[in-house]
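In case you want the letters, here they are:
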Amino acid sequence: MTTFLLVPLLMPFITAGLIAALGKIPNLRDGLHTTMAAVTFGCVLYVLPEVLAGNTPSLTLIEVLPGLPIAFSVEPLGMLFAMVASGLWIVTSVYAFGYMRGHHEKNQTRFFICFALAIGGALGVAFSANLMTLFVYYEMLTLSTYPLVTHHQDDEAQRSGRIYMTILLTTSICFLLSGVIWTYFAAGTLEFQQGGILAGKLADEHVPWLLALFAFGAGKAALMPFHRWLPNAMVAPTPVSALLHAVAVVKAGVFTILKVVVYVFGLELLTSTGGNQWLMVVAGGTLLIASVVALTLDNLKARLAYSTISQLSYIVLGAAMANPAGVVGGAMHIAMHAMGKITLFFCAGAIYVGAHKKYISQLDGIGHKMPWTMGAFTIGSISIIGLPPMGGAWGKWFLGMGAVDAGANVYLGLLMLSSLLSIGYLGPIIARAYFRTPAPEDEHIHEAPLLCVIPLCITAAGTVALFFMGDLLYQLVLPIVGGSL
């Protein structure tokens, strides 16, 4: 099993090389991409029984400096993120073929090469055994997604790409790297350990400052004020939006914060020093402000982008609560939000391909013309709102429990208010699609190509399936908090 860990870690990079070699044979290139995505997911699942049995498969690749290796270790939280990234890679690759061909996009080979490299970066983050390995793959993920954000190569794409790179590289190099270095000098190690590595090695008054370096250094988590890269990146093709918001990028950010809280600081250190309180305030503020901004936006992808910023703060808030229920809720919300939000972005892209519309005010009666797409959009919206029988209900349930356990009823109220606001920014889209009359010029509108519609139907079904799989995910992530709530 130790040697086998290399297989899922290397598979995306092998895929990128094969795509480059087959660039002039599109059908073979795209078929290979999906096949390799499925094989990668199968390899990740092959490791799952070991993790469920309480084992931690580990592998040291190379020791860069004495005591600082590039090493991998599969614990429950990383296993969850790896399953999300590799599993959704399959449906996203199929969707991307339909979208890129249906929209006659150029440079498709380059696009799919970078897509595979981004998944490789995400899996490296998921399986990282120490902060050094996490940082290396975290930066790899940033660099591999830049060509995707600037795919169209026009002025708007270039401007958005500059914002994307400036914010993500600045936060990671100035803050995240500083936090890694400080941790090494304080603890003498960068290894992730159950219960943390800083207890008794870091002065109490320094805890909130070091936590701030990690929280803001993980710029992909889009905490305000380091969030602008996310809505600006919406200039990219919709499959990239799905990659950014559900599969890899933003999930790498919140995953990093969760992993640092649990395995570097430890829950007891944060609660005993109060070093987590400020992060609860920032996460709660981001959660609320982003929801309010989403209400004001007419561009569909922009509204979904601010919805993502809000939903990411649910996960950060769960980490900041620094109690078992909050951490479990945050971990489960990684999977639940991924499935719901990728469905919404798939639908937004299908609307753009099938109807050539990107503004909510243009969607009158579109539910009658694109019933499969808008049916999936409705299911994804219910999951994001947090209502059963959709998977999104479980993450919010445990986050609410975490707020109660922390004695922070104001955050319980904030979670409820955010759910109401999500009804406010998603509900009118559904109402407009079903209860308004289509404009006469919209008679030609039809569903997007099957390669776009099938994936969004699969992920919509996945949001329902996750509700009934809630106990399985709960049992998977429970060991990260010691095995009990």
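As a reminder, the structure under discussion sits directly above these lines.
These figures come from a predicted structure and were not determined experimentally. (Residues numbered from 1 in each chain as written. Predicted model: local features only at pLDDT ≥ 70, side-chain atom pairs only at ≥ 80, totals over all residues. Heavy atoms only, no water.)

Peer 1: Could you clarify how one ought to interpret the pairing of strand β2 (residues 68-73) in this entry?
Peer 2: The two faces of the sheet receive side chains in turn, since in a regular strand these alternate between them. Most of β2 sits out of view: 6 of its 6 residues are buried. Here 6 bridges tie strand β1 (residues 58-65) to β2, and the two strands are oriented antiparallel to one another. Bridge pairing links leucine 59 to phenylalanine 72 in β2. Linking two consecutive strands that pair antiparallel, namely β1 and β2, is a turn of 2 residues; a positive phi of about 80° is found at glycine 67 within it. (Buried < 20%, exposed > 50% of the residue type's maximum accessible area, 1.4 Å probe, protein only. Helix = DSSP H or I, 4+ residues; strand = E, 2+ residues; numbered from the N terminus. Pairing = 2+ DSSP bridges.)

Peer 1: So what exactly am I meant to see when it comes to unusual backbone geometry here?
Peer 2: Comment: phi is negative for the bulk of residues other than glycine, and the bulk of peptide bonds are trans. With an omega of 15°, the peptide bond between methionine 224 and proline 225 qualifies as cis. Within the element layout of this structure, proline 225 appears in the loop between α7 (207-217) and α8 (229-232). Residue proline 388 is joined to proline 389 through a cis peptide bond whose omega torsion reads 5°. Checked against the element boundaries, proline 389 lands in the loop between α16 (371-385) and α17 (392-405). The phi torsion at alanine 222 lies on the positive side, around 60°, for a residue other than glycine. Looking at the secondary structure, you find alanine 222 in the loop between α7 and α8. On the basis of relative accessibility, which here comes to 0%, the residue alanine 222 falls in the buried class. One non-glycine residue, histidine 356, adopts positive backbone phi at about 55°. Tracing the backbone shows histidine 356 in the loop between α14 (324-355) and α15 (366-369).

Peer 1: What is the right way to look at α17 in this model?
Peer 2: Spanning 14 residues, α17 covers 21 Å between terminal C-alpha atoms, matching the ideal 20 Å at 1.5 Å per step. Considered for burial, the residues of α17 that qualify are Gly392, Ala393, Gly395, Lys396, Phe398, Leu399, Gly400, Gly402 and Ala403. Once α17 finishes, glycine 407 follows within two positions and takes phi at roughly 65°, a positive value. (Expected span 1.5 Å × (residues − 1).)

Peer 1: Explain the pattern of salt bridges here, please?
Peer 2: Summed over the entire model, instances satisfying the criterion amount to 4 salt bridges. Between glutamate 75 and lysine 259 there is a salt bridge; the shortest N-O distance is 3.2 Å. Linking glutamate 75 in the loop between β2 and α3 (76-102) with lysine 259 in helix α10 (residues 249-265), this pair joins segments that are 184 residues apart in sequence. Residue classification places lysine 259 among the buried positions, given a relative accessible area of 1%. Across the pair aspartate 364 and arginine 436 runs a salt bridge whose closest N-O atoms are separated by 3.9 Å. Residue aspartate 364 is located in the loop between α14 and α15, and its partner arginine 436 is located in the loop between α18 (409-435) and α19 (450-468); the two are separated by 72 residues in the primary sequence. (Salt bridge = Lys/Arg side-chain N within 4 Å of Asp/Glu carboxyl O.)

Peer 1: What exactly am I supposed to notice about the packing of aromatic side chains here?
Peer 2: How two aromatic rings sit relative to each other is set out by the distance from centre to centre and by the angle between their planes. Per the stated rule, a full pass over the model turns up 18 aromatic pairs. For the ring pair phenylalanine 111 and phenylalanine 112, a centre distance of 5.2 Å and an interplane angle of 90° mean the geometry is edge-to-face. A relative accessible area of 1% means that phenylalanine 111 is categorised as buried. Phenylalanine 112 sits in the buried class, given a relative accessible area of 1%. Both rings, one in phenylalanine 216 and one in tryptophan 278, keep their centres 5.6 Å apart while their planes meet at 35°; by these two values the pair is tilted. Taken together, the positions of phenylalanine 216 in helix α7 and tryptophan 278 in helix α12 (residues 277-296) put the pair 62 residues apart, joining distant regions of the chain. (Phe/Tyr/Trp six-rings, centres within 6.5 Å; stacked < 30°, edge-to-face > 60°.)

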